[in-house]
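One letter stands for each residue in the lines below.
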Amino acid sequence: TSIEMDVRQRFEAEIERTRLVIQSRMQAYAEVLIAGAAFFTLKDQVSRADWGDYVARLDIGEHFPGIQGTAYAQYVTAKDKAAYIAAVRATGLADYDIRPPGERADYVAILYNEPYVGRNQKVIGFDMASSDVRRLAMERARDTGAPAMSGRVVLAGEKPDDKPPGFVMYMPVFRQGMPT
């Protein structure tokens, strides 16, 4: 009937509008990551304070609703793990460690996460490479040089029954002067 067709058309139009809003938001999130990676090309070393100032100026809560944290993670090989942990502890994070515990060939440990409050503090040291879903997205980002979104995950720092699952988006930061 014409009523059913009208309802169906309005429903499909609402689905399309929602799809476009989500697509636009994901693009904005990707642009935050692209800019963050570019920020790391400006200095030889980006400190915790530098990253905090940078992310604060983005005013994420106002301009990018839905982003819970903007993090930087460091790739660490198993042979460099102890020296890396000691170096991070020397910056003032006395109890820093890579979590979850265990020996792996390599790690991608969260070093900075802004805004540095609440649950964002709890994820410092989390090895994102310890999760297959996250690792696949990081590898896709590394291989393409473009932002890549993970599949469904429970965000680090959350208990599985506390919050619904989310996703993480990654953008690689390559060492300056190194081939990519």
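As a starting point, this report considers the structure included with it. (Residues numbered from 1 in each chain as written. Predicted model: local features only at pLDDT ≥ 70, side-chain atom pairs only at ≥ 80, totals over all residues. Heavy atoms only, no water.)

### Quick notes on unusual backbone geometry
Here is step 1: At the junction of Arg-99 and Pro-100, the peptide bond is cis and its omega measures out at 0 degrees in the coordinates.
Here is step 2: Following the sequence through the fold, Pro-100 ends up in the loop between helix H4 (81-90) and strand E2 (106-114).
Here is step 3: Glu-114 connects to Pro-115 through a cis peptide bond whose omega is 0 degrees.
Here is step 4: Residue placement: Pro-115 occurs in the loop between E2 and helix H5 (119-122).
Here is step 5: Even without a glycine there, the phi angle at Asp-59 is positive, about 50 degrees.
Here is step 6: Inspection of the secondary structure assignment puts Asp-59 in the loop between helix H2 (48-58) and helix H3 (60-63). (Helix = DSSP H or I, 4+ residues; strand = E, 2+ residues; numbered from the N terminus.)

### Regarding the pairing of E2
Here is step 1: Most of E2 sits inside the fold, with 9 of its 9 residues counted as buried.
Here is step 2: Bridge count for strand E1 (residues 70-77) against E2 is 8 bridges, and the pairing is antiparallel. Looking across to E2, one finds that Tyr-72 is bridged to Tyr-112. (Buried < 20%, exposed > 50% of the residue type's maximum accessible area, 1.4 Å probe, protein only. Pairing = 2+ DSSP bridges.)

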